[in-house]
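# Summary of the model geometry
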Amino acid sequence: MSDISQPKPTLLLVPHYIGSLRYFEKLYPFLKEKYTIVFLLIELRPKSSTTYTASHFNFDEMVSYCESNGYPFIVFRQPRLFFNITFPYLQFLISTRIYIRFIEKTLGDPAVKHIVAIHDGGFYLQHLFLEANKRGIAAGVLQWALTYGGQVAATPSSRPKWRQNVFKIRRTIQDFFKDFFLRLTAGSDANNNKLVLGAGVSKKFGVINQQAFDYFVAKGVPESKMSVVGYLDFHLAEHTQKCLDQDLALREATAKKLGLDLSKKQIVIYTSAYNSNVVHELDDAGQLALYDDIVSMIQSAC
């Protein structure tokens, strides 16, 4: 029998926006008896007085969600510097030094034994994994959303070809100096490469299914670090179905709550968000018309 007086080890969950945070939230009930769960929220980009990007909104939304739901969390905030617009790379290097000390302090807590993050690329998450590996902290990446070919498709640029080439050359030079000064600041093993999910320095990578396993192998992720762990939503859906099938009262109460008529067939259509700037086959109105037609055909047949 285990000693109940022993403190539970701390598990750090590292989301990148509200979607992955709420997926981790679903894991909470299954983990809270064994671990002290703390969300580690990392602000990746500095705010300025003139811009408030989606990245800033995502970070602030995570903080507010943890506060309103009473979840323990640790926050790394970008330093607010008056020159971050004029000298953005200096801002990044100062942020790097502050972040290194922040991670040293956070992982220096002997209670921290496990880390699960949604990525291991980019300087901030890469450094988190490097430090965890050095300290013997079990740290891994968890795939929380499907990945597939063409997922990062982008709208074709309307800029003239020469401007595109100038931008690429300038970006290459900027990235070279950024990486050079980053290594001077954070060590020779530091880099800011985003990489494919799981291709960084993490030692464990849990993927949803065999399709994802094969996809990441094709992208260069070592098979030895990957395991097919499934997807919690699938498990919860199956569990919910069993409960509803076995308990008629619960089934009727749930149907009433959702406004469903149990005398009729219930058909659920699964779809996903799309980017109308990339998907040129159908505009917004076309997408709505498509699903309206699908629903009409189902209703006429059933």
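Computed from a predicted structure; not experimentally measured.

Here we come to the overall build of the protein. Within the protein, the secondary structure is distributed over nine helices and seven strands. Residue burial in the protein is summarised as follows: out of 302 residues, 33% are buried. Of the contacts formed within the protein by residues at least 6 apart in sequence, a portion of 66% connects residues at least 24 apart. Surface exposure of the protein reaches about 19300 Å², of which carbon and sulfur atoms provide 58%.

Attention now moves to the packing of helix 1 (residues 18–31) against helix 7 (residues 232–246). When two helices pack together, their arrangement is given by the angle between the helix axes and the distance between those axes. Contact geometry of helix 1 with helix 7 gives a least axis separation of 10 Å together with a crossing angle of 60°. When the axis of helix 1 is compared with that of helix 7, the two are oblique. When you trace helix 1 past helix 7, the crossing you get is left-handed. On helix 7, the residues touching Tyr 23, Lys 26, Leu 27 and Phe 30 of helix 1 are Leu 232, Asp 233, His 235 and Leu 236. Taken together, the residues of the contact of helix 1 with helix 7 break down into five nonpolar, one polar and two charged.

Mapped onto the elements of the fold, Glu 25 is located in helix 1. C-alpha separation for the pair Glu 25 and Phe 39, spaced 14 residues apart in sequence, amounts to 9.7 Å. Setting aside residues no more than four positions away along its own chain, Glu 25 makes contact with Tyr 65, Asn 69 and Tyr 71.

This part takes up the sheet that holds strand 5 (residues 138–142). If you trace the seven strands from one edge of the open sheet to the other, you get 3-2-1-4-5-6-7, paired in parallel fashion. With partners counted over all chains shown, the strands left at the sheet margins are strand 3 (73–76) and strand 7 (226–228), one partner each. Strand after strand, the sheet turns through a mean of 25° between neighbouring axes, direction not considered. Contacting strand 1 (10–14), strand 2 (36–42), strand 4 (112–117) and strand 5, helix 1 runs over the sheet at an angle of about 165° to strand 2. Along the sheet, helix 4 (residues 122–135) makes contact with strand 1, strand 2, strand 3, strand 4 and strand 5, crossing strand 5 at roughly 145°.

Rules and cut-offs
Residues numbered from 1 in each chain as written. Predicted model: local features only at pLDDT ≥ 70, side-chain atom pairs only at ≥ 80, totals over all residues. Heavy atoms only, no water. Helix = DSSP H or I, 4+ residues; strand = E, 2+ residues; numbered from the N terminus. Buried < 20%, exposed > 50% of the residue type's maximum accessible area, 1.4 Å probe, protein only. Contact = heavy atoms within 4.5 Å. Areas by Shrake-Rupley, 256 points an atom, 1.4 Å probe, with all protein chains shown as cover. Axes fitted to C-alpha atoms, helices over the stretch in contact; angles between N-to-C directions. Parallel < 35°, antiparallel > 145°, perpendicular 65-115°, else oblique. Left-handed = near helix turned anticlockwise from the far one by under 90°. Nonpolar A, V, L, I, M, F, W, Y, C, P; charged D, E, K, R; others polar. Pairing = 2+ DSSP bridges.

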